Amino acid sequence: MSLSLAVYISLAVFALALAARCSGWFIRVIGPENGASPFKGRFKAALAGTLGTVFSLKIFAVIGVFFRDALFQWPILRQSIYRFIMHMSIFAGFVFLLIFHALGKFVTAPLFDENFAYLNPFLFLRDAAGILVLLGLGMAVARRLARRKMRIKTNLGDVYAIFIVGLIILSGFALCSVKMTSHDVFLSMSLDYAGLDPEGTPDDLNALEAYWAANYGLVSPVFKAPFDQDLLTSGEAVNESCVSCHVKNGNAPASFALAKIMAPAAGLFNSASSVNILYWGHVLACLLGLAILPFTKMFHVFSTPLALVLKNTVTPLSRPENLMTRRLVALSACTHCGTCSLRCSAMMAHHVTGNPFILPSEKVGALKRLARGKKPTASELCAVSQGIMLCTNCDRCTVVCPSGLELRDIWVSARQGILLAGPPEPLVWTPFSFLRGLNREKLSPAEYEGPVETARKALEASFSTLADKNAELVVILNADTADIDPTFRGCFGCTNCTNVCPVVKSFDEPEKSLGLAPHQIMAAVGMGASVAAAGCHMVRECLTCYQCQEHCPQNVAVTDVIYRLKEQAARAFASKP
């Protein structure tokens, strides 16, 4: 297989994969179907938004974001100097090698001598760039090992990214060092560039071989230390014609040091045609990495700059189609760096439950799979649903994300989709559902009430009498209110507690849905009707958010009273035969 054919195949696969990934931004959906118009509508909306940005003053902001956030990586520097050095080492080193080495034939060769690759500064800088990349990879591995217990997870995508970059750099170093020691490569270069051959110019060739063995790291089967000084002097004279296109190999410090280490085995590598094997290994590693790049974590080199730009151009007031597209781009741009998980305010829930999907970085991975249409297992869907609901919407993950992802927007959107399609989620009754309640007006009645009704039916499955809201609940309670907080006697029915109650606000007709409002419960308990009070639906649906208690002008412990009634009701039902 020729090099050209391999390059064309790699580029073709890369182009098709890139088109497939980008088209997914306009086809897939995350969350409810709002804004999920067909591909054509989403693409037209994105095109209109792009043109509107290009031909407006926003273009200057886009340029600024590109250079500041994408190239200089200001968001990463703002979060951590360690991560900035790590990421910039990999980024700068790899970009230099891509431009001045991989694409050197098209970029550098037209500007400099055709042998620029073996002349300084490029010979030195090529080695330095490789060292820089390895330094960054070493820091990345150290960070993940050191912070593994601090909610930094490592998945196969992270391992592949480190592996493929490391393989390309290390195979390049190995190829350079073996070429330095190879006798066959020396003979070929002497003939091609200096016109020296064993039969026509044996003396000059021997002198040059001895000189290269002494100064260039060549492992000669004939000339070894200590060298004949006269021969070295002759070799230096012959080498004068070579230095114009090949400086000493010592200018590439890492490759030269590796060549010295490998010198004892140089004869084996030379005879086994190791140069060709390493050359194709290095080339195929590069082409393989390029071909499947759109399907790997390395795709973030394209999607992250785009996400940073979209964060500054697509606002909550933008068209729903573009908001949906921005969410899909954001999922592609996540680098799984774990910065969001390190600062997640729900981390204690992760430590207690062990559910990895409570952590933002792991939730993004799960949502990517859901957006691609991959069916999760029942247990995985439950875990993701819990992770989504336990999110406190504190926005800390969005603020610290170095890729500029609007994570809170993603959680809110994904929450509705998972609640509508997933299993019953009791957490819809908890304070973790407050934000959802605040966004109720943005949802259709079916979208909002559906998950609540599903959870209610699941809870009522064990208590058939609770299923009928119109049925009179018969609860056997101890009429003695001695264990109930006595402050209820101070209630004079001002209805403050009812007016601030988020549960009451959640129902269009609370008197029908809840039976008794909080102030009515206090009145019932005051009249000794604690049986009726404990049996009403308000007691069961109370969030214990303490809004009622905090707003009571009489300092009635409203929430504590309701909580005690809730406890009594639960004990009564549990003791039923």
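Check the entry above for the structure.
Rules and cut-offs
Residues numbered from 1 in each chain as written. Predicted model: local features only at pLDDT ≥ 70, side-chain atom pairs only at ≥ 80, totals over all residues. Heavy atoms only, no water. Axes fitted to C-alpha atoms, helices over the stretch in contact; angles between N-to-C directions. Helix = DSSP H or I, 4+ residues; strand = E, 2+ residues; numbered from the N terminus. Parallel < 35°, antiparallel > 145°, perpendicular 65-115°, else oblique. Left-handed = near helix turned anticlockwise from the far one by under 90°. Contact = heavy atoms within 4.5 Å. Nonpolar A, V, L, I, M, F, W, Y, C, P; charged D, E, K, R; others polar. Phe/Tyr/Trp six-rings, centres within 6.5 Å; stacked < 30°, edge-to-face > 60°. Lys NZ or Arg CZ within 6 Å of the ring centre and 35° of its normal. Salt bridge = Lys/Arg side-chain N within 4 Å of Asp/Glu carboxyl O. Core = buried A, V, L, I, M, F, W, Y, C linked by side-chain atoms within 4.5 Å. Buried < 20%, exposed > 50% of the residue type's maximum accessible area, 1.4 Å probe, protein only. Patch = residues over 30% accessible without salt bridge, like charges linked within 9 Å, V, L, I, M, F, W, Y side chains within 5 Å. Areas by Shrake-Rupley, 256 points an atom, 1.4 Å probe, with all protein chains shown as cover.

Helix packing geometry: the angle between the two helix axes and the distance between the axes. Between helix α8 (residues 156-181) and helix α14 (residues 274-291), the least distance of the axes is 9 Å, while the angle of their chain directions is 155°. By the angle between their axes, α8 is roughly antiparallel relative to α14. Note that α8 runs across α14; the crossing there is left-handed. In contact with Tyr160, Ile164, Leu167, Ile168, Ser171, Gly172, Ala174, Leu175, Val178 and Lys179 of α8, α14 contributes Ser274, Val275, Leu278, Tyr279, His282, Ala285, Cys286 and Gly289. Of the residues assigned to the contact of α8 with α14, the class counts are 12 nonpolar, five polar and one charged.

Moving on: the packing of aromatic side chains. Applying the stated criterion to the full structure yields 14 aromatic pairs. Between Phe26 and Phe39, the aromatic rings sit 5.9 Å apart at their centres with planes inclined by 90°, giving edge-to-face as the arrangement. In this pair, Phe26 is assigned in helix α1 (residues 3-27) and Phe39 in helix α2 (residues 39-54), connecting sequence segments 13 residues apart. For Lys363, the ring lying beneath its charged end belongs to Trp411, and the centroid distance is 4.4 Å.

With that out of the way, let us pick up unusual backbone geometry. The omega torsion of the bond from Asn120 to Pro121 falls at 10°, within 30 degrees of zero and hence cis. Note on placement: Pro121 falls in the loop between α6 (104-107) and α7 (122-146). With an omega of 0°, the peptide bond between Ala225 and Pro226 qualifies as cis. For Pro226, the location among the structural elements is in the loop between α10 (202-215) and α11 (229-239). Unusually for a residue other than glycine, Gln73 sits at a positive phi of about 60°.

Turning our eyes to something else, we now look at the pattern of salt bridges. All chains considered together, the criterion is met by eight salt bridges. Across the pair Asp409 and Arg326 runs a salt bridge whose closest N-O atoms are separated by 3.6 Å. Pair noted here: Asp409 is in helix α22 (residues 407-421) and Arg326 is in helix α16 (residues 320-333), with a separation of 83 residues, a long-range link. Ionic pairing is found between Asp409 and Arg327, a salt bridge with its closest N-O pair at 2.8 Å. Of this pair, Asp409 sits in helix α22 while Arg327 sits in helix α16, placing them 82 residues apart in sequence. It is possible to trace a salt-bridge network through shared partners that takes in Arg144, Asp158 and Lys297.

Within the fold, Ser255 resides in helix α12 (residues 253-262). If near-sequence neighbours (up to four positions away) are discounted, Ser255 is found in contact with Asp127, Phe173, Cys176, Ser177 and Met180.

Within the largest apolar cluster, 53 residues are counted, with the highest numbers of intra-cluster contacts made by Ile30, Leu367, Leu405, Leu407, Ile410 and Trp411. A total of seven residues in this core trace back to one element, the largest contributor, which is α16. Not counting residues up to four positions away in its chain, the partners in contact with Trp411 are Pro360, Lys363, Val364, Leu367, Ile388, Cys391 and Cys397.

Time to look at a nonpolar patch on the surface. Judged by side-chain polarity, Phe94, Val95, Leu98, Ile99, Phe100, Leu103, Phe106 and Val107 come together as a nonpolar surface patch covering roughly 630 Å² of accessible area. At the level of secondary structure, the elements contributing two or more residues to the nonpolar patch comprise α5 (81-102) and α6. Ranked by residue count, the leading element in the nonpolar patch is α5, at five residues. Relative to the helices and strands, Ile99 is located in helix α5. Here Ile99 falls in the partly exposed class, since its relative accessible area comes to 31%.

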